[in-house]
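Coordinates in review
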Amino acid sequence: MITGKLDIPEARKATVAQALNQFSNLLNQQDLPLTFIRTLEARPDFNARAKVYFASLLTVALHGKLEYYTDS
């Protein structure tokens, strides 16, 4: 888990681990990433550089769900 690589106070580790698990569950529901991407693309200030950066982060976050990149 990513919490092993973060500098998190011992008292907050359980809360952070739970939050990361919940965020992971959200990302693994295909509707959320698609809705989030559509929302970002609707913003006029979401330029090409931001799109590339966001896409790379999303690719890392969803590396276990690569079918998201081939489904339409």
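Preceding this paragraph is the structure being described.
**A short note on the overall build of the chain**
Within the chain, the secondary structure is distributed over three helices and zero strands. Along the chain, from the amino end to the carboxyl end, the secondary structure elements read α-α-α. Looking at the chain as a whole, 17% of its 72 residues qualify as buried. For the chain, the proportion of contacts with a sequence separation of at least 24, taken over those separated by at least 6, is 34%. Summed over its atoms, the accessible surface of the chain is roughly 6000 Å², and 58% of this surface lies on carbon and sulfur atoms.

**A look at a nonpolar patch on the surface**
Where nonpolar side chains cluster on the molecular surface, the patch consists of Phe23, Leu26 and Leu32 and spans about 260 Å² of accessible area. Structurally, phenylalanine 23 is set in helix α1 (residues 13-27).

**What to know about the packing of helix α2 (residues 31-42) against helix α3 (residues 48-61)**
When two helices pack together, their arrangement is given by the angle between the helix axes and the distance between those axes. Following both chains from N to C, one finds α2 and α3 inclined at 170 degrees, their axes separated by 12 Å at the closest point. By the angle between their axes, α2 is roughly antiparallel relative to α3. Counted together, Phe36, Ile37, Leu40 and Glu41 of α2 and Lys51, Phe54 and Leu58 of α3 form the full contact between these two elements. Per-class residue counts for the contact of α2 with α3 are five nonpolar, no polar and two charged.

**Re the packing of aromatic side chains**
Counted under the stated rule, the structure contains two aromatic pairs. Their ring planes at 55 degrees and their centres at 5.5 Å tell us that phenylalanine 36 and phenylalanine 54 sit as a pair that is tilted. You can see phenylalanine 36 sitting in helix α2 and its partner phenylalanine 54 sitting in helix α3, a full 18 residues away along the chain. Judged by relative accessible area, which is 45%, phenylalanine 36 ranks as partly exposed. Judged by centre distance (6.4 Å) and plane angle (75 degrees), the ring pair of phenylalanine 46 and phenylalanine 54 falls under edge-to-face. Overall, the relative accessible area of 14% leaves phenylalanine 46 in the buried class. Of the aromatic side chains, those joined through ring pairs into one cluster are Phe36, Phe46 and Phe54.

About the thresholds
Residues numbered from 1 in each chain as written. Predicted model: local features only at pLDDT ≥ 70, side-chain atom pairs only at ≥ 80, totals over all residues. Heavy atoms only, no water. Helix = DSSP H or I, 4+ residues; strand = E, 2+ residues; numbered from the N terminus. Buried < 20%, exposed > 50% of the residue type's maximum accessible area, 1.4 Å probe, protein only. Contact = heavy atoms within 4.5 Å. Areas by Shrake-Rupley, 256 points an atom, 1.4 Å probe, with all protein chains shown as cover. Patch = residues over 30% accessible without salt bridge, like charges linked within 9 Å, V, L, I, M, F, W, Y side chains within 5 Å. Salt bridge = Lys/Arg side-chain N within 4 Å of Asp/Glu carboxyl O. Axes fitted to C-alpha atoms, helices over the stretch in contact; angles between N-to-C directions. Parallel < 35°, antiparallel > 145°, perpendicular 65-115°, else oblique. Nonpolar A, V, L, I, M, F, W, Y, C, P; charged D, E, K, R; others polar. Phe/Tyr/Trp six-rings, centres within 6.5 Å; stacked < 30°, edge-to-face > 60°.

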